[in-house]
Amino acid sequence: SRPGAGAASLSGLAPGEYLIEWNDVPAWITPDAQVLEVEGGGTAAFNGTYEPALMLMATPDGFEAPWSVSGPGGFSQSGQGDAILSSLASGSYTVTWQAVDGWTAPTAETVSFSDSGLIVQGTYAQSQMTVFIHPEPAGIDAPWTVTGPGGFSAAGTGQSTVTVANAGPYTLVWDAVDGYETP
């Protein structure tokens with residue numbers, strides 16, 4: 001095993017098959033591995049050509065954010081999560097990150113793509129969250145109180161939604177209702 005970059009020629013090799021594998025480079029399409037047969041002369045020449053790509057990366061890591069990309073010649077593609085778009089014509093591309101409930105989407109970005117790989121990162125920020133309160137049996141008007149981080153407190157009755165701004169543990173306490181056991 002011998003690391004290297006670009007085109008190369010190796011000599012002094014024993015006869016046999018050699019596997020040439022290329023490392024991944026962000027925003028470039030990696031060439032396929034090559035198997036070379038070395039005969040009596042012990043020399044192997046090989047070359048790998050990387051193709052530039054437009055790499056879309058959503059953060060936080062692993063976030064399956066929906067996106068769409070439009071570009072020259074009517075190019076249009078959409079998807080979800082991290083992606084690598086290849087075989088693109090040179091020109092301006094607009095990356096639009098779509099809305100996701102509970103998150104603020106990044107603003108659309110127009111980039112100029114040519115003969116070098118390009119990474120576009122979309123950072124989503126968690127927006128206000130919603131706590132859904134569903135007492136059972138359905139329709140019961142049970143009183144409740146929700147408390148949480150930063151001194152948060154809300155009270156109400158029956159089915160409801162409560163908007164909260166801080167991540168963390170929340171506690172829901174049910175008050176007594178005649179004829180029912182309090183959870």
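About the thresholds
- Residues numbered from 1 in each chain as written.
- Predicted model: local features only at pLDDT ≥ 70, side-chain atom pairs only at ≥ 80, totals over all residues.
- Heavy atoms only, no water.
- Helix = DSSP H or I, 4+ residues; strand = E, 2+ residues; numbered from the N terminus.
- Rg over C-alpha atoms; globule rule 2.2 N^0.38 Å.
- Buried < 20%, exposed > 50% of the residue type's maximum accessible area, 1.4 Å probe, protein only.
- Contact = heavy atoms within 4.5 Å.
- Pairing = 2+ DSSP bridges.
- Axes fitted to C-alpha atoms, helices over the stretch in contact; angles between N-to-C directions.
- Phe/Tyr/Trp six-rings, centres within 6.5 Å; stacked < 30°, edge-to-face > 60°.
- Core = buried A, V, L, I, M, F, W, Y, C linked by side-chain atoms within 4.5 Å.

Chemist: I keep staring at the overall build of the chain and nothing clicks. Help me out?
Modeler: A tally of helices and strands in the chain yields zero helices and 20 strands. For the chain, the C-alpha radius of gyration of 28 Å lies well beyond 16 Å, the compact-globule estimate for 183 residues. Principal-axis analysis of the C-alpha atoms gives the chain an extent of 95 × 40 × 30 Å. Here the chain, with 183 residues, has 26% of them falling under the buried criterion. Within the chain, contacts between residues separated by at least 24 positions form 51% of all contacts whose residues are at least 6 apart in sequence.

Chemist: Even after reading the chapter, I still don't get the sheet that holds strand β10 (residues 83-85), so can you show me in this structure?
Modeler: Two orientations exist for strands paired in a sheet by backbone hydrogen bonds: parallel and antiparallel. The strand order β10-β7-β14 describes an open sheet built from three strands, whose pairing is mixed. Every other strand in the sheet has two partners, leaving β10 and β14 (118-123) as the edge strands with one partner each. Each strand axis lies, on average, 20° off the axis of its neighbour in the sheet, ignoring direction. For strand β7 (residues 54-59) and β10, the ladder comprises three bridges, and the chain directions are antiparallel. From the neighbouring strand, Met55 faces β10, where its bridge partner is Ile84.

Chemist: How do you make sense of the sheet that holds strand β8 (residues 66-70) when you look at a structure like this?
Modeler: An order of β9-β8-β11-β13 is seen for the four strands of this open sheet, with the pairing classed as antiparallel. Unpaired on one side and paired on the other, β9 (76-80) and β13 (109-113) mark the two borders of the sheet. On average, each strand axis in the sheet is tilted by 20° relative to the strand beside it, whichever way the strands run. In the sheet, strand β11 (residues 91-97) pairs with β13 via five bridges, with the strands oriented antiparallel.

Chemist: Help me understand the packing of aromatic side chains in this model?
Modeler: Geometrically, a pair of aromatic rings is defined through the distance of the ring centres and the angle of the planes. Within this structure, the stated rule accounts for eight aromatic pairs. Arranged with centres 6.3 Å apart and planes meeting at 90°, the rings of Trp97 and Tyr124 form a pair that is edge-to-face. Taken together, the positions of Trp97 in strand β11 and Tyr124 in the loop between β14 and β15 (125-126) put the pair 27 residues apart, joining distant regions of the chain. Classification of Trp97 by relative accessible area gives buried; the value is 5%.

Chemist: Before we go on, may I ask you to explain the environment of Trp103 in this structure?
Modeler: Turning to its location among the elements, Trp103 is positioned in strand β12 (residues 103-104). With relative accessibility at 24%, the residue Trp103 sits in the partly exposed group. Put simply, Trp103 and Ala7 are 96 residues apart on the chain and 46 Å apart in space, counted from C-alpha to C-alpha. In this view, Trp103 contacts Pro60, Phe63, Tyr124, Ala125, Gln126 and Ser127; residues no more than four positions away in its chain are not counted.

Chemist: Would you mind going over the nonpolar core with me for this structure?
Modeler: Most often, soluble globular proteins keep nonpolar side chains buried together rather than apart. Ranked by size, the top nonpolar core spans 17 residues in total, and within it Leu54, Leu56, Val69 and Trp97 carry the most contacts. Looking at this core, the elements with two or more residues in it are β7, β8, β10, β11 and β13. Those residues in contact with Val69 that sit more than four places away from it in its chain are Leu54, Leu56, Phe75, Ser76, Gln77, Leu85, Tyr93, Thr94 and Val95. Of all hydrophobic cores here, the second largest spans ten residues; its members include Met129, Ile133, Val164 and Trp174.

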